[in-house]
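# A structural walkthrough
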Amino acid sequence: MSEIQKKRMLSGIKPSGCLTLGSYVGAIRNWKDRADEYDCYYFMADLHTITVRQNPADLRRRSLEQLAQYIACGIDPEKNVLFLQSHVHQHAELGWVLNCYAMFGELSRMTQFKDKSAKNADNINGGLFTYPALMAADILLYQADLIPVGEDQRQHVELTRDIARRFNGVYGEVFKIPEPFIPKVGARVMSLANPDAKMSKSEDGDPGRITLMDKPEDIMRIFKRAVTDCETEVRFDWDNKRGISNLMSIYSAATGRTYEQIEAEFAGRGYGDFKKAVGEATVELLRPIREEATRLLADKAYLQKVCAEGAEKASYVAEKTLRKVYKKVGFVAR
Ligand code: ATP
Ligand code: MG
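Over its 17 residues, helix 3 (residues 56-72) runs 24 Å from end to end, which matches the ideal 24 Å to within 8%, given 1.5 Å per residue. Burial analysis of helix 3 places 12 of its 17 residues in the buried class, which makes it a mostly covered element. Of the surrounding elements, those touching the buried residues of helix 3 are strand 1 (7-13), strand 2 (38-44), helix 2 (46-49), strand 3 (81-84), helix 12 (271-297) and helix 13 (300-329). Capping of helix 3 at its N-terminal end is provided by Asn55; its side-chain oxygen lies 3.0 Å from the backbone amide nitrogen of Ala57.

Have a look at this one:
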């Protein structure tokens, strides 16, 4: 199949903290092994991070760390386009245009906006509010077919589709309408300390968060303390046994076992045994990633080269869409 005929896939993650087990099983893991079938674009969404105040040195360091972690997760830079969002200026430019096609009412309904405004009450800035318009630009610039994301991003991908349809309705078929791809298992990994809250990479203080760079002994300790319930039965019941169900979902993601198989495996054994098994499976899942990322991080020149080449390829595609959009809305060509 030639490059032209391949469908396109795109996804990005903000370098707003160390990638977590949630980022891996909810997103990155589903990026691997797609390169044969799809033309794949993956980026560090650094423009998005500044909707919440960042320490500049940390942001710079984390952006390259995240690139190393993507590669360590199996995203081969020879087969996928890996880049930093801020290196491809078309994102910000199309983001502005799409701001003018995103409605105040629909932006107000975004759950992430509500959550993040509650958490950052002293900095509810315009960027936090219009974030989904920039995310729509990220996706639509590449005419992507498929967007692999966790459940928490479904609403934003749906808004992207609405914005694209609205724009196409006025100007003709400019944008391809993308489909969200949400994994069946692991779409929502919850904090081990609070199974009602999503495990999030920007929650530094969450004692129930597992990051890709955590050492085995730390992972085991966090699983040992995982919040469960006062029963003893390992059984999947998301509404009433969220802690255990979350652990089952992680175990399933790490071992490929179904919920039924897990229930059978731990029938009559207590939660202690189960937590230990999930901890061990997670350690083995993350071990090769941590080791490879550590190795890659020692070679900054290589990482710089990967993102420079990626930005060049991404810009080429993005520019085609942006030029079309500028023409459609009536900007004079340069
Ligand atoms: P932040 O707190 O900065 O928003 P985050 O952990 O929510 O960080 P994002 O950059 O918003 O991470 O999301 C990156 C990708 O990972 C998205 O596709 C998102 O759906 C997915 N993802 C994030 N957290 C989880 C989770 N706990 N479970 C499953 N998928 C997740
Ligand atoms: Mg998020």
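Ranked by size, the top nonpolar core spans 57 residues in total, and within it Tyr70 and Phe274 carry the most contacts. No other element matches helix 12, which puts 12 residues into this core. Two domains share this core, each providing at least three of its residues, namely domain 1 (7-181 + 299-329) and domain 2 (216-294). For Tyr70, the contacting residues outside a window of four places in its chain are Gly12, Ile13, Leu19, Ile28, Trp31, Tyr42, Phe43, Met44, Ile75 and Leu82. By size, the runner-up hydrophobic cluster in this structure holds 44 residues, among which are Phe43, Phe129, Met135 and Leu159.

The topology assignment puts Leu285 in helix 12. The exposure class assigned to Leu285 is buried, which follows from its relative accessible area of 18%. Taking the C-alpha atoms as reference points, Leu285 and Thr255, 30 residues apart in sequence, are found 8.6 Å from one another. Dropping the residues within four chain positions of it, Leu285 is found in contact with Leu21, Tyr24, Val25 and Ala254.

All right, on to the domain arrangement of the protein then. According to the domain assignment, the protein consists of domain 1 (7-181 + 299-329) and domain 2 (216-294). Once you take the C-alpha centre of each, domain 1 and domain 2 turn out to be 31 Å apart. Where domain 1 abuts domain 2, roughly 690 Å² becomes buried across the two surfaces, and 83% of that area is made up of carbon and sulfur atoms. Counting the surface domain 1 buries against domain 2, the share from its top three residues, Leu21, Tyr24 and Ala72, is 61%.

By secondary structure assignment, the location of Ala318 is in helix 13. What makes Ala318 buried here is its relative accessible area of 0%. Sequence spacing of Ala318 and Leu141 is 177 residues, and the spatial spacing of their C-alpha atoms is 5.0 Å. The contact partners of Ala318, leaving out residues within four places of it in the chain, are Val88, Gln90, Leu141 and Tyr142.

All right, on to the pattern of salt bridges then. Within this structure, the stated rule accounts for 25 salt bridges. Residues Asp196 and Arg242 are paired through a salt bridge, measuring 3.6 Å at the closest nitrogen-oxygen approach. You can see Asp196 sitting in the loop between strand 5 (179-181) and helix 9 (216-224) and its partner Arg242 sitting in helix 10 (residues 242-255), a full 46 residues away along the chain. A salt bridge links Lys305 to Glu309; the shortest N-O distance between them is 3.9 Å. Here Lys305 and its partner Glu309 are both found in helix 13, 4 residues apart, which amounts to about one turn of the helix. What makes Glu309 partly exposed here is its relative accessible area of 40%. Shared partners join several salt bridges into a network, and the residues in it are Asp229, Glu231, Glu233, Arg235, Asp237 and Lys241.

Definitions and limits used
- Residues numbered from 1 in each chain as written.
- Chains lettered and ligands numbered in written order.
- Predicted model: local features only at pLDDT ≥ 70, side-chain atom pairs only at ≥ 80, totals over all residues.
- Heavy atoms only, no water.
- Helix = DSSP H or I, 4+ residues; strand = E, 2+ residues; numbered from the N terminus.
- Expected span 1.5 Å × (residues − 1).
- Buried < 20%, exposed > 50% of the residue type's maximum accessible area, 1.4 Å probe, protein only.
- Contact = heavy atoms within 4.5 Å.
- Polar contact = N/O pair within 3.5 Å; in protein donor to acceptor, adjacent residues only side chain to side chain.
- Core = buried A, V, L, I, M, F, W, Y, C linked by side-chain atoms within 4.5 Å.
- Domains from an automatic or database assignment.
- Buried area = accessible area lost by both parts, 1.4 Å probe.
- Salt bridge = Lys/Arg side-chain N within 4 Å of Asp/Glu carboxyl O.

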